[in-house]
Every structure is written in structure tokens, then in C-alpha cells.
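Fold and contact review
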Amino acid sequence: MSKPKVVITRRWPEAAEARAKELFDVVLNEDDHPMSIAELQEALETADAVCPTVSDQITAEVLGAEPMKCKILGNYGVGFNHIDLDAAKSRNLVVTNTPEVLTDCTADIAMILMLSVARRIGEGERHVRNKEWTGWRPTHMMGTKVTGKTLGLIGMGRIARAMAHKAHHGFGMKIIFTDPYPPPDEIVQDLNAESRDSIEDVLKDADFVSLHCPGGEETYHLLNEERIKMMKPGAFLINSARGDVIDPQALITALKNGSIAGAGLDVYEGEPNVQEEFLSMENVVLLPHLGSATIETRVAMGMRALDNVKAFFDGKEPGDRVA
Ligand code: DGY
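As the structure is a computational prediction, the values presented were derived from the model and not from experiment.

Quick notes on the pairing of strand E1 (residues 5-8)
In this sheet, strand E2 (residues 25-28) lies alongside E1 in parallel orientation, the contact comprising 4 bridges. Bridge assignment links Val6 to a residue of E2, and that residue is Val26. The parallel pair E1 and E2, bridged by helix H1 (residues 14-23), forms a crossover whose chirality is right-handed. Where E1 meets strand E3 (residues 49-51), 3 bridges bridge the pair, whose relative direction is parallel. Looking at E3, one finds that Val7 is bridged to Val50.

Some details on the site of the ligand
With respect to spatial proximity, the complete set of residues near the ligand consists of Val54, Gly77, Val78, Gly79, Leu102, Arg242, His289, Ser292 and Met301. Note that an oxygen atom of the ligand is positioned 2.7 Å from one of the backbone N or O atoms of Val78. At 2.7 Å from an oxygen atom of the ligand is found a side-chain nitrogen or oxygen belonging to His289. Considered on its own, the ligand offers 230 Å² of accessible surface; in the complex 90% of this is hidden by protein.

So, the sheet that holds strand E8 (residues 194-195)
Across the sheet, which stays open at both edges, the 7 strands sit in the order E8-E7-E6-E9-E10-E11-E12 with parallel pairing between neighbours. In this open sheet, the two edge strands, each paired with only one partner strand, are E8 and strand E12 (284-286). Of the pairings in the sheet, the one linking strand E6 (residues 150-154) to strand E9 (residues 208-211) comprises 4 bridges and is parallel in character. Bridging from a neighbouring strand, Ile154 pairs with Leu211 of E9. Together, E6, strand E7 (174-178) and E9 form the strand contacts of helix H6 (residues 158-171), whose direction differs from that of E6 by roughly 175°. Packing against the sheet, helix H10 (residues 248-256) makes contact with strand E10 (236-239), strand E11 (262-265) and E12, and its axis sits at approximately 140° to E11.

Cut-offs used in this document
- Residues numbered from 1 in each chain as written.
- Predicted model: local features only at pLDDT ≥ 70, side-chain atom pairs only at ≥ 80, totals over all residues.
- Heavy atoms only, no water.
- Pairing = 2+ DSSP bridges.
- Helix = DSSP H or I, 4+ residues; strand = E, 2+ residues; numbered from the N terminus.
- Right-handed = clockwise from strand over helix to strand, strands pointing away.
- Near = heavy atom within 4 Å.
- Polar contact = N/O pair within 3.5 Å; in protein donor to acceptor, adjacent residues only side chain to side chain.
- Areas by Shrake-Rupley, 256 points an atom, 1.4 Å probe, with all protein chains shown as cover.
- Contact = heavy atoms within 4.5 Å.
- Axes fitted to C-alpha atoms, helices over the stretch in contact; angles between N-to-C directions.

Structure (C-alpha cells):
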């Protein structure tokens, strides 16, 4: 029996590509360029499965490919707001994602952003590299203490829980959170965490606010001007979720007028374009969407996407089906 044909839209770590080749008749995007609408449509028209990733826009237009051969989108990534799920369902496509395997590394990046912006790490690095450092002195580059402060989590899914664990058990932080689907009691108790009824209730009391909600229409500019103004003076905003959860202009204004102390960002509205004003601000730490970027996690994400596609072609229910 011939193997199902699978198009993988961007290069994966070697071990994951090797496994893909064992299982399927694989078409790789050899030079790793972002695929155009026409290329994505060709993939849908010629392959049994397509494995896109979070930087591919799988819109209704792309999914209008005709004739559609593809049966499953085995997304490489946990977020799937780049896939028009209604359009995918209307084309009878199964869609899967890769949860769990990236939880710890993404939570680590949220911690890194929090610590970096509070302790002025990017600024300090630039200072040394630019040969501007003239020596130790008591008032030099003082930052903000993290240990013992209050961390407010907007969304309390897997990544937020992992961050809360590190922050509470490692840094003695008080955890407050809001989520329409709160975690089980034993998790809340282990973190000694406090559930709040609204986002506003978290914003007004947190020294650090970290965003952990999915992207998409429902959370578009959730952190708008009004809500950013509710944050404590001296507070910091961390985003390792999706760029469009924050209104970037509102954040830029708040950072410029000092109504909050700083921000740590791994994701951006319209990425890879980053709002020009952020680039010259010292109170912002900017990373290029590195949440899951460790070799261990990126291999595991590939394996998880392949497990889903394999299950589908074996006639089983894929473990991580989202549509
Ligand atoms: C995801 O998986 O959704 C991340 O944004 C990339 O790892």
C-alpha cells in the first residue's frame, strides 16, 4: 500500500523530518521560505495531509483550494488562530495541534521576559557590549525585585499553570488569575493561588501581568488602552501568547508616559513586523517568538503532529483534534 503524501510547510528539526519520511511520502519546503497562497493551495490539492505551522495563514481563501485532496491539517504548534476553523470544517478537514510538549519551554520564556524586563537584562547587555560601562556603583541600573511580588495571569491553561508553578515555588510569588474555566482545586491549592472574577480584578493588583489566552477575534486587543490604564503604576506586562491580544499603540503610549514600568514581548500583532517605536524603548524586552524554541520541544512538536496524522490514516481518532 502506498504511503499517504504529506506536505510539511516549513523545515522541522532533523529527527522529526526523519520520522516523517519513515511514515509518509513527504514533501519538504527545502529552502524553508514562507509559502504563498498559491503554494499552500497546491499543497491542499495534491497531498493527503498538510502540516502547516503558526506562521502560515490558512485562511478561507487558502482553504478554497479546488479540487481539495487534503483530509487533515496536522498543525505544528499549539495555537491554531491562524487556521480558519469554520472554513476547514466546511471542507471536511480534520485539524490537530500540538499541546503539552511545549508547555514548560513557553512558560520558561514568560519567566525570562518577566525577569529580564524587571532586572533590565537587555539594557545591561547592550550597555556592556556598547562599552558604556564605567564600573559598579550603588545606583547603577537598579531594577525591580521579582521575588515575593504578585503575578497576575490572564488565562490559566497549561502554560500559565507552568509559569505559576515556577514563579510561586521558585520565586515565592503570590499568584492571582482569571479564567472562565479555572483549573482543578488541587492545582489552585498547590499554588496557593487566588481566582479573580474579572481581568480588571487581576490588573489592579498584579505587579506583573502575564497573558495566556488564545489569539483570535474573542481576545483581539483584550489589553486595550482602558485596561492597560488599570494596571498598577510600576507594573510590567508580559506577552508570550499572541501579539494581537494587546493593542500595541495603547501599550506604546503607556510605556512612554510611564503609566506602567515595562513590557516583555515574545509575540507581536502583524509579526514578524515589530512596531518601530518598541525598538528604541529601553523598558521593553523583545524576543522573536521563541516560546517553544528548544531542540527538545521542537522535535517533540514534530513527533506530536506526526502522531496525529498517523492516527488519522490508521483510522483512529487523532489525540489532539481541534476540528
Ligand atoms: C504555538 O505553538 O502556538 C507557539 O506560538 C509556537 O510554538
